[in-house]
Amino acid sequence: ITLLFLFSSCGESVNNSKGQFTVPDSCLMIGTDDIRSVFNLNSGVEIEQDKNLDQICYYKWTADDINYTIRFTKAKWDQKSSAEVNKTWEKQNESNYNKYDLETVQGVGDKASWSDYEKGQLRFVADGYFFYLSLYNDSSSESPEGKQDRIEKAAQLANVIIDKM
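For every chain, the first residue of the written sequence is number 1, and numbering continues from 1 along that sequence. Selection of residues for local features in this predicted model requires a pLDDT of at least 70, selection of side-chain atom pairs for listing and counting requires 80 or more, and totals for whole chains, interfaces and linings are taken over all residues. Only hydrogens and water are set aside when side-chain values are computed; all heavy atoms of the structure are taken into account.

A. Main features of the packing of aromatic side chains. Any two rings among Phe, Tyr and Trp, with Trp reduced to its six-membered ring, count as a pair given centres within 6.5 Å; such a pair is stacked if its planes are under 30 degrees apart, edge-to-face if over 60, and tilted if neither. Scanning all chains against the criterion turns up eight aromatic pairs. Considering the side-chain rings of Trp 77 and Phe 130, the 5.5 Å spacing of their centres and the 70° angle between planes classify their relative orientation as edge-to-face. Of this pair, Trp 77 sits in the loop between β5 (66–74) and α4 (82–95) while Phe 130 sits in strand β9 (residues 129–137), placing them 53 residues apart in sequence. For Trp 77, a relative accessible area of 32% corresponds to the partly exposed category. Looking at Phe 130, the relative accessible area reads 1%, which means it is buried. Considering the side-chain rings of Phe 124 and Phe 131, the 5.1 Å spacing of their centres and the 20° angle between planes classify their relative orientation as stacked. An aromatic cluster of three or more residues is present, and its members are Phe 39, Trp 61 and Tyr 68. By definition, any uninterrupted DSSP run of H or I lasting at least four residues is a helix, any uninterrupted run of E lasting at least two residues is a strand, and each is numbered from the N terminus. Exposure categories follow from relative accessible area, calculated using a 1.4 Å probe and restricted to protein chains: below 20% of the type maximum is buried, above 50% is exposed, and the middle band is partly exposed.

Have a look at this one:
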């Protein structure tokens, strides 16, 4: 019962077109099982989960001698209207993302883009909430296919998150 209380009190509650939605702690929106599924990792691969004080959730693991990291967070501000989403999206593009090889990603939420910011970040909006999912590894060389694979895996994880909303 205590855990149920803690989980239910970890987020803000909002009414939207899907009904009541409680925005949980970022680390509750994506789990190690989700990562295992998307990256096809067996149970022998240890995934470390960590969270800092800003509700940024980190996942780290090693596979095929490459270290991987996911950094995930929800923007701290409240749910935005469609007009506010568009305005914020464009301001972020102008002030930051346009400098980092920005490209649109289809099939994720209401808006999504990939950029080379933070070595590779999927920024997406769902139901007026902004999310940031960075996915990178320590491989010294990445082929264009490798980058596309990271974009696809980040998009898959984003859709898992959206499905939990």
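Text resumes after the structure shown.
B. Quick look at the side chain of Thr 88. The residue Thr 88 is located in helix α4 in this model. For this analysis, residues touch if any pair of their heavy atoms sits within 4.5 Å. Apart from residues lying up to four places away in sequence, Thr 88 is in contact with Trp 77, Lys 80 and Phe 130.

C. Representation of the sheet that holds strand β4 (residues 57–63). Note on pairing: two strands pair once DSSP finds at least 2 bridges between them. Spatially, β3-β4-β5-β9-β8-β7-β6 is the arrangement adopted by the seven strands of the open sheet, whose pairing is antiparallel. Each having just a single partner strand, β3 (48–51) and β6 (103–104) make up the two edges of the open sheet. Axes here refer to lines fitted to C-alpha atoms; in helices the fit is confined to the stretch in contact. Angles between the N-to-C directions go from 0 to 180 degrees. Against the sheet, helix α3 (residues 32–39) contacts β4, β5 and β9, and its axis sits at roughly 45° relative to β4. The sheet contacts of α4 involve β7 (111–115), β8 (121–126) and β9, and relative to β8 the element is tilted by about 165°.

D. Focus on the state of the cysteines. Throughout, a disulfide means two cysteine sulfur atoms within 2.5 Å of one another. Tallying each qualifying case throughout the model produces one disulfide. Note that Cys 27 is cross-linked by a disulfide to Cys 57, the S-S spacing being 2.2 Å. One disulfide, between Cys 27 and Cys 57, carries an S-S torsion of 120° and so falls in the right-handed class. Of the two residues, Cys 27 is situated in helix α2 (residues 26–29) and Cys 57 in strand β4; the sequence distance between them amounts to 30 residues. By relative accessible area, Cys 27 is classed as buried at 12%. Given the relative accessible area of 0%, Cys 57 is considered buried.

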